[in-house]
Structure formats: structure tokens, C-alpha cells
Amino acid sequence: MFRILRILLIKDLLMEARGKEILVASIVFALLFLFLLYFALPITQSPIESTNGAFWVVVFFASTLAFSRSFAKERDTGSLETLLLAPVDRSLIFISKALSNLIFVAFVITIALPAFAIFYNFSFLPVLLPFLGIVTVTTVGLVTAGTFMGTLTMQSRAREMLLLLLLFPLLIPLFMGAVNASATLLKAGSTEEATSTWRWIFFFFDLFLPALMVVLFDFLVEE
Amino acid sequence: MKSHAIGYVVAGIFALLSLLLFPFAFYQSLVKAPPEATMGHAMRIFYIHFPMAILTFTGYGACALFSFVYLWKRTPELDVLAVAGAEVGVLFNTLVLATGMIWAKYAWGTWWTWDPRLTATFILWFLFIGYHLLRASLENPEVRARFSAVLAILATLDIPIIFLSVRIWRGIHPNVLQGPNKIQMEPAMIQAWLTSLLAFWIFGLAILIFRSLLGLQELQRKPVP
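What you see is a predicted model, and the numbers here were worked out from it, not measured in a lab.

Procedures and definitions
Residues numbered from 1 in each chain as written. Chains lettered and ligands numbered in written order. Predicted model: local features only at pLDDT ≥ 70, side-chain atom pairs only at ≥ 80, totals over all residues. Helix = DSSP H or I, 4+ residues; strand = E, 2+ residues; numbered from the N terminus. Rg over C-alpha atoms; globule rule 2.2 N^0.38 Å. Buried ≥ 20, exposed ≤ 12 C-beta atoms within 10 Å, placed from the backbone. Contact = placed C-beta atoms within 7 Å. Core = buried A, V, L, I, M, F, W, Y, C linked by C-beta atoms within 7 Å. Axes fitted to C-alpha atoms, helices over the stretch in contact; angles between N-to-C directions. Parallel < 35°, antiparallel > 145°, perpendicular 65-115°, else oblique. Left-handed = near helix turned anticlockwise from the far one by under 90°. Nonpolar A, V, L, I, M, F, W, Y, C, P; charged D, E, K, R; others polar. Expected span 1.5 Å × (residues − 1). Bend = angle between axes of the 7 residues up to and from the residue. pLDDT = per-residue confidence, 0-100.

Peer 1: I keep staring at the overall build of chain A and nothing clicks. Help me out?
Peer 2: Assigned secondary structure in chain A consists of ten helices and zero strands. Its helices and strands taken in sequence order, chain A reads α-α-α-α-α-α-α-α-α-α from the N to the C terminus. Its C-alpha atoms give chain A a radius of gyration of 18 Å, within 12% of the compact-globule value 17 Å for 223 residues. With the C-alpha coordinates aligned to their principal axes, the bounding extent of chain A is approximately 55 × 35 × 30 Å. Counting all 223 residues of chain A, 43% fall into the buried class. Nonlocal contacts in chain A, meaning residues at least 24 apart in sequence, comprise 82% of its contacts between residues at least 6 apart.

Peer 1: Help me understand the interface of chain A and chain B, please; the structure alone is not making it clear to me.
Peer 2: Often the size quoted for an interface is simply the accessible area lost on bringing the parts together. Every contact between the two is made by 22 residues of chain A and, on the other side, 23 residues of chain B. At the level of secondary structure, the elements contributing two or more residues to the side of chain A that touches chain B comprise helix H8 (159-188) and helix H10 (199-221) of chain A. Per-element accounting of the side of chain A that touches chain B gives the leading share, nine residues, to H8(A).

Peer 1: How do you make sense of the nonpolar core when you look at a structure like this?
Peer 2: If you look at soluble globular proteins, the nonpolar side chains tend to sit buried side by side. Formed by 113 residues in total, the largest nonpolar core has its most connected members in Ala145(A), Leu166(A), Leu171(A), Ala82(B) and Leu151(B). Considering every element that reaches this core, the biggest residue donor is H8(A), with 15 residues. With residues up to four places along the chain from it excluded, the contact list for Ala82(B) reads Cys63(B), Phe66(B), Ser67(B), Tyr70(B), Ala149(B) and Ala152(B).

Peer 1: Sorry if this is basic, but what is going on with the packing of H8(A) against helix H4 (residues 116-137) of chain B here?
Peer 2: Helix-helix packing: each pair is described by the crossing angle between the helix axes and the interaxial distance. One way to put it is that H8(A) packs onto H4(B) with a least axis distance of 9 Å and a crossing angle of 150°. It follows from the interaxial angle that H8(A) and H4(B) lie roughly antiparallel. Pair H8(A) / H4(B) crosses with left-handed handedness. Between H8(A), through Leu162(A), Leu165(A), Leu166(A), Pro169(A), Leu170(A) and Ile172(A), and H4(B), the contact on the second element is made entirely by Ile123(B), Phe126(B), Leu127(B), Gly130(B), Leu133(B), Leu134(B) and Ser137(B). Residues of the contact of H8(A) with H4(B), tallied by class, amount to eleven nonpolar, two polar and no charged.

Peer 1: Could you clarify how one ought to interpret H10(A) in this entry?
Peer 2: The periodicity of an α-helix, 3.6 residues per turn, causes residues three or four places apart in sequence to face the same way. In this model H10(A) runs 32 Å from its N-terminal to its C-terminal C-alpha over 23 residues, within 8% of the 33 Å that 1.5 Å per residue would give. Taking the largest bend as the criterion, H10(A) deviates by roughly 35°, centred on Leu209(A), and proline Pro210(A) comes between one and four positions later. Among all positions in H10(A), only Ile201(A), Phe202(A), Phe204(A), Phe205(A), Leu209(A), Pro210(A), Met213(A), Leu216(A) and Phe217(A) are buried. In this fold, the buried residues of H10(A) make contact with helix H6 (90-119), helix H7 (128-152) and H8 of chain A together with helix H5 (141-167) of chain B.

Peer 1: Can you help me understand the confidence of the model for chain A in this one?
Peer 2: Where the model shows low pLDDT, its predicted coordinates should not be examined in detail. When pLDDT is averaged along chain A, the result is 88; 100% of the residues meet or exceed 70. The weakest mean pLDDT in chain A belongs to helix H9 (residues 191-196) of chain A at 74; the strongest belongs to H7(A) at 93.

Here you go:
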């Protein structure tokens, strides 16, 4: 099973690598958004809250560029049928695509986070590990739901737009959890306080929803 | 061609019943029930607002139920019933937001506050608008039915989490049925509340059935070559 997953993942990553202009575009988009938000937010009055909020908006929007192409390329070139003919469990196809999207988003965050530190004077270093923990659990939830919604909208006209409209209402609890938990962490500095109220949201988006999506994925790719 | 005579008769009876109930409900809620102690006559919009909320959930509930059964049985009729539920749901969701905003302007002095229940209702509206947009963008009827059923199930399971997450903030929406902010209702008010609920609910069910029958007839119509 892990061998098949590895093969699928190599295929997905290879596809990402061949279309690397999308990754570059996502990163530039994140930087541009960071730039714009600086003028829109009251940075001088509440630096931590504004910066934290801007960071999450940038992460959520920049990642969606990856999701809309999840299976779009396979579908457009007709290789999706070939992929589905392969004698592999279809949930593995989904997991592999989600993992490759996770790596993509991790790249974007790796660039965005230092950029925020430089341009916004974002001081997350004192709570670096718990902060990265919140980033990780949020990204896992975001990427799973994003990959699934990317599959759901792959056959639609104007899929990028539709993806945003379907994904964000679904993810509002996760977004609220991420923003509030990290804001509490940055202000209070205690991990316990930051995660206690929002723990259930993260459980839902990191465990329950992914499990459900693996099951429901079968309904999306039956041809 | 199958006829849906029984369905039309049931929907017709519901529509007639609600027509008979409405004058009674309006008399109860606009004349007989006393004005509320602090809000005065503005509180009367509650007699419309509450049934709209119940009908929103009735519509979305029907959509979720029929979507679930669709993925299992795969008959196009179930898809039609799910759409009818989602459409009626969006209609009353819009109305519950509108009536709530009118009331809020009077009671709280602002059209909108980011109160948990208001926020959650608004997110629900977005989710099911998205459902209709997804349907509109898919051409193949079988794919459309399957994909939108999956979305409806996801949206439905997300609803409790939405309510949980927005409740972590403290709300100001009155909880009329229980809790310390319970509205003290006189018997005449309770009577007005229940008759309005019944009248609107039967009316909403009639709309739901009519909409379903329309969809079923569309399904039977032969596609133009």
C-alpha cells in the first residue's frame, strides 16, 4: 500500500514540478496580498492581531490556487480515466493528491512566514513551535478540504471561482479556530490557553472530515 | 406519462389549509397578542421570523435527507426532491435573515451584529447558494446529481461545527425557548406564536411539494432532440 502511495505521490509531485510556474505564482500572489493588506489594516494600533489575521487570509487565499488544479490537469488531458483504471484503491489517489497539495502549501507558507516576519515585524519566534503546530493542523484541514472541493468542481465551468465559493463557507470554523488560537497564543504565550477552546474544531477538520472525504471521494470519481 | 394527481391534491389541501389559517394567525399576532413590555409592537415580527427559521431547516433537512438516499438508491427523482428542499431552504433562509435584520434595527439599533446565530445563519445561506451554483455549472444530469448530493452531505455535517464555532463568542440573540433571556410570553402571545408557526409551516410544505412536483414533471418531459 505504501509502495503504491509512493508511486502516486511521485507522479503528483512530478506534475507539480513540471508546472512550477503555478507555485511561483502562488508565492508572488501571497507577497502581493501581504503588501495590499498592510494598507488596509490598522497595523499600528493592534500589530499582533492585524498581522496574524493578514497571515491567515494570505495562507487561505494563496493555497486555493493549488486546489483548483487538483485533478483538473488529469481531466483535461484525459489521463484521469487511465489513472482510475489502475488497480489501486481510489482513496490512495485522493490521499496522494492531498499530500502533494500539502507540500505545495508548505512551500508557500515557508516563504510567507519569513516575509511576514520581515515586512510586518511579526514576532512569532518566542512561541515558534506551538505556532508552527497551529499552522500545521490548520494546513492539514485546509488542504484536505481544498483537494476534495477541487475534485468536486473539476468538471465545472469557472472552477476557480466556484471552488472559492464552496470551500470558504465550509472552512469558516477552521479559519476562526486558526485566527483565534494563534492570536491567543501570540498574546498570552501559553499553548494550553490557545488550543483549549478550539481543539474540537481542529479534531473535526483534521480527523473526522478527512475520513469522510476519503469515503465520499469514491462518489466523485466513479465513471 | 405518470400523473402526480395525489401529490397535487395533498399540496392543494395544504395550501388551502394555510389560507384558512393565515387570517386567524394574523389576527392573533397583530391584534390579540399584547405588545411586548420593552420592544412594544416591534416584537410582532417574531411571529413571522420564527416560522421562517423553522422552514429554513425543514428545507435544508429535506435536501440533506434526499441527497443521502440519492447516493444510495440513485434514482433521479430523489435528486429532484433534494433540489426542491434546497431551493425552499434558500428562500426562507433569505427571509429569516431579512426579517431578523428589520427586527435588529429596531431592537439593537443596528441592521447586523456578528452574533453567533446570525453568523451561522449567514454561513448556511452561503453554503446552499454554493450548492445551487455548483448545480448550475454542471451539464451532465447524473454528475450534477451525484456531486451536489456529496456537497449537501458535507454542508449538513458542517452545520453543527459552524454553530459550535460561532457560539464560542458570547451572543446577544434572545433564546426564546429557554435560558435566562427567555421572553416572558403571555398565553395570547404563545397562541399567536403557535398559530403563525402552523400557518407558515403548512404554507411552506405546500410550496415544497409544489416545487417537487414541478421538478418531477420536468424530469418526465422528453428532451428536445
